[in-house]
Amino acid sequence: MTMIEITPEPGGSQRLDGYLATPRGSSHDTGPWPGMVLIHEAFGVDDNMRAHADRLAAMGYLTLAPDLYSQGGARKCLVSTMRAMQSGRGRAFADLEAARKWLVASDKCTGRVGAIGFCMGGGFALLTVHLHDAVSVNYGMLPKNVDEIMAGACPVVASYGARDGFLRSAPAKLETALTKAGVVHDVKQYQKAGHAFLNETEGGPGWLRPLLRASHSGPEPEAAADSWRRIETFFAEHLGAGKN
């Protein structure tokens, strides 16, 4: 598990860093493996995101988490990155494409590449369903034109928390759009979970955590365990980890 420099795309960060997690263990030693672009939440490539990348590597995916804040850190890049997600264009999309191309070009990758996003990253994942072979969306904001974007999308597995006030209606809307588009999908909402429930520890700066707890944001182990089981099964079917 290491930090690498990713060859940038035009319009992307001048220097693009990423966290690379490579499959280990007797069943994963030889490769090549399917690739996975991990799109981080608003707090950046932190310990929770690295833990998610390591988990995906343990499943058999060559996992690359590009740092969308490489150009100057979260304080400088957060607003522009969120604006890119809302507009569907901007530096962040060039950085995500650079990460995907890095995986495709690697001799350790089978050429099949999925994407998984959390929070802000879940919103980006929904906007890249035409670039990947399968996508996992975790409490991601829906685009306004969700019906249009889901037409011709890759398979999608999505997880939301019913206690996530801002996204309470998102899973039903996403389910409807995917069904209408005829896209293979698995969408589930967890009644006891809020936002960021897949994280193993509380995220964000210390001063913000009491507010996050009050809004039911944070780990929910039971929902997380079921979500990861669904994600692993879905990706195995559509990306083929362990089927080298």
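Keep in mind that what you see is a predicted model, and the values were worked out from it rather than measured. (Residues numbered from 1 in each chain as written. Predicted model: local features only at pLDDT ≥ 70, side-chain atom pairs only at ≥ 80, totals over all residues. Heavy atoms only, no water.)

Asker: What's the story with the layout of surface pockets in this structure? I'm lost.
Answerer: Picture a little ball the size of a water molecule; that probe, rolled over the atoms, points out where space is still empty. When its volume is computed, the largest pocket comes out at roughly 720 Å³. Around the largest pocket, the lining is made up of 33 residues, and of these Ala42, Phe43, Cys119, His195 and Leu212 lie nearest the centre. Sort the elements by how many residues they give to the lining of the largest pocket and helix α2 (residues 74-87) lands first, with five residues. Each residue belonging to the lining of the largest pocket can be placed in one class, and the counts come to 18 nonpolar, nine polar and six charged. Of the pockets and cavities examined, the second largest pocket occupies roughly 210 Å³. If you go around the second largest pocket, the residues you meet are Met85, Gln86, Ser87, Gly88, Gly123, Leu127, Met141, Leu142, Pro143, Lys144, Asn145 and Ile149. In terms of residues, the lining of the second largest pocket owes the most to one element, α2, which gives three residues. Looking at the lining of the second largest pocket, its residues break down into six nonpolar, five polar and one charged. (1 Å grid on protein atoms, 1.4 Å probe; cavity = no way out; pocket = protein on both sides within 12 Å on 5 of 7 lines; lining within 4 Å. Points joined across faces, edges and corners; volume = space filled by probe spheres on them. Helix = DSSP H or I, 4+ residues; strand = E, 2+ residues; numbered from the N terminus. Nonpolar A, V, L, I, M, F, W, Y, C, P; charged D, E, K, R; others polar.)

Asker: How do you make sense of the environment of Glu148 when you look at a structure like this?
Answerer: Following the sequence through the fold, Glu148 ends up in helix α5 (residues 146-150). You can call Glu148 exposed: its relative accessible area is 60%. Sequence spacing of Glu148 and Ala177 is 29 residues, and the spatial spacing of their C-alpha atoms is 8.4 Å. (Buried < 20%, exposed > 50% of the residue type's maximum accessible area, 1.4 Å probe, protein only.)

Everything listed is a geometric property; what it means functionally is a separate question.
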